[in-house]
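# Notes for the structure review
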Amino acid sequence: MQKQEIYRLLTTRQFQQAEQSAITYLTAAPRDCNVRVMLGIALREQSKVEPAFKAFQTAATHCPQSVAAVEGAAETAFQLHEPQAKNLVLQAIKLRPTDQTGYAMLGAIDALTGDCSGAVENYAKAPNLVRGNIPALRQYGECLISLDQPAAAVPLFTQLLALADTSENRTALAYAQDAAKDRPAALSTLQPLLGMDSRDSSAFLLAAQIAEADNDTPKAVEWFRKALELNPQNITAYLDFSVVCFNHGAFKVGVDFMTLGIKQLPKEARLYLARGVLEEQMTQMDAALSDFEEAHRLDPQLSFAEDAMGMLFSQKHDPAAAIAIFARQSQLHPDDALLQYLYAEALSEAANGDEKLNDKALITARRAVKLEPAYLPAHDLLCVLLMRSKDFEGVVAQAHEALKIDPYDEAAIYQELLAEHKLKHADKAALLVKQLENAKAHNQQGHTKYALQEAPPATPAH
């Protein structure tokens with residue numbers, strides 16, 4: 001009769017009375033799993049989640065086949081982020097394998113612990129619970145992005161935006177659309193955040209990145225400036241803008257912006273490194289070396305800072321210093337493709353007819369290409385080194401690899417032309433002469449169209 005009374009109190013939502021009755025009953029029958037579960041329910045309904053978990057956990061321990069006990073323990077452990085939550089959820093799934101609740105909780109646990117593969121797999125088994133659940137949609141979508149499945153994330157972020165039209169959710173959808181190669185849709189999604197009164201720096205930054213990828217450099221520059229005006233401590237905006245300036249030869253503009261960034265973030269090593277790279281392009285060697293040294297001092301793990309110093313020593317005609325730095329760094333970072341390329345370049349410059357150094361440069365350049373097959377300068381350097389080694393067939397093959405990346409790569413076309421001349425392939429050489437002329441015309445047109453004008457940086461908002 002007392003058990004029925006506890007049940008009646010629960011059904012009539014008299015949770016405090018149900019709690020007291022259950023505690024009294026369990027004093028005499030502590031192993032009664034049904035009453036222990038009812039105690040857990042009474043406590044949970046009063047938001048006493050921690051004691052509720054203990055009640056459910058005790059019931060599940062005594063009665064591991066009790067669905068109510070195991071599911072109650074799993075749900076409250078999940079709420080409390082208890083370490084045993086995942087095992088309890090798996091136990092609940094074994095008892096009720098068709099119930100989506102367990103898979104949804106498992107997906108959330110996996111997402112929170114960084115297991116995106118598990119999160120995606122489990123969320124996919126709980127579509128009814130994911131739909132309409134803002135945290136689940138966000139975690140599911142973010143994990144798909146991290147697994148390089150942006151197209152699958154787009155519908156999830158679309159649902160998320162429909163549920164909560166916030167700047168964060170709109171930018172997340174636009175990011176997924178951009179990553180899925182649908183730039184028009186991404187810009188359309190961002191449009192409400194790009195008005196005159198908008199204060200969302202991250203939206204302008206993403207719009208700038210999309211515009212630059214679409215070769216709309218003037219618009220990209222406008223949006224980069226706006227992003228930095230709204231958030232003058234946005235390190236990503238500075239670094240991305242430095243790349244745009246580098247690519248378009250606007251080195252002075254880039255230096256001015258990096259100087260502005262350093263005033264805002266004086267301990268950010270990457271800004272000194274970026275400014276140094278731009279200064280080096282302006283042949284301001286002393287200023288560049290000073291910035292590289294400061295970058296290395298602030299962050300010794302930023303390997304490229306020391307690599308860049310080696311590059312400058314090389315350009316100052318101190319190849320021995322360059323090679324010494326690169327040799328040391330290549331041992332510390334054997335999987336750094338850029339470092340291997342720079343090392344190969346330093347060896348190449350120092351070779352000057354030395355076959356041993358040229359052979360070493362060749363080995364290092366091959367390593368760089370293997371580590372990063374899409375890195376065009378490494379292919380171009382490898383063509384030059386193969387040409388020196390009189391491996392003309394190798395030059396042609398490597399040039400073809402480079403031209404798959406950029407069909408207008410003048411360096412690769414020129415080296416292939418030289419190799420075909422050496423191979424006495426006159427017809428092929430004649431075609432390559434025409435191909436080189438077309439590449440020069442194309443590249444000159446692109447450079448003129450997208451050249452950045454030098455202008456003072458925007459004044460940041462305070």
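Read on for an overview of the structure. Remember, predicted model here, so these are calculated numbers, not experimental data. (Residues numbered from 1 in each chain as written. Predicted model: local features only at pLDDT ≥ 70, side-chain atom pairs only at ≥ 80, totals over all residues. Heavy atoms only, no water.)

### Observations regarding the layout of surface pockets
Any empty space left between the atoms is revealed when a probe the size of a water molecule rolls over them. Estimated volume of the second largest pocket: approximately 210 Å³. Listed by contribution, the elements that provide at least two residues to the lining of the second largest pocket are helix H7 (100-112) and helix H10 (134-146). Considering only residue class, the lining of the second largest pocket consists of eight nonpolar, three polar and no charged. (1 Å grid on protein atoms, 1.4 Å probe; cavity = no way out; pocket = protein on both sides within 12 Å on 5 of 7 lines; lining within 4 Å. Points joined across faces, edges and corners; volume = space filled by probe spheres on them. Helix = DSSP H or I, 4+ residues; strand = E, 2+ residues; numbered from the N terminus. Nonpolar A, V, L, I, M, F, W, Y, C, P; charged D, E, K, R; others polar.)

### Focus on empty space enclosed by the protein
Scanning the model with the defined rule gives one cavity of 30 Å³ or more in all. Its volume calculated, the largest cavity comes out at about 60 Å³. If you go around the largest cavity, the residues you meet are Glu 71, Ala 74, Glu 75, Ala 92, Ile 93, Arg 96, Asp 99, Thr 101, Gly 102 and Met 105. Sorting the residues of the lining of the largest cavity by element identifies helix H5 (67-80), helix H6 (85-95) and H7 as the ones contributing at least two each. Classifying every residue of the lining of the largest cavity by side-chain character gives four nonpolar, two polar and four charged.

### As for the pattern of salt bridges
Summed over the entire model, instances satisfying the criterion amount to 18 salt bridges. Notably, a salt bridge pairs Arg 170 with Asp 165, separated by 2.9 Å at the nearest N-O pair. Overall, the relative accessible area of 54% leaves Asp 165 in the exposed class. Where Arg 275 meets Glu 279, a salt bridge forms, and the shortest distance between an N and an O atom there is 3.7 Å. Of the two residues, Arg 275 and Glu 279 both sit in helix H18 (residues 269-281), four residues apart, roughly one turn of that helix. Several salt bridges share partner residues, and in doing so they unite Arg 275, Glu 279 and Asp 291 into one network. (Salt bridge = Lys/Arg side-chain N within 4 Å of Asp/Glu carboxyl O. Buried < 20%, exposed > 50% of the residue type's maximum accessible area, 1.4 Å probe, protein only.)

Keep in mind these values describe shape, not function.
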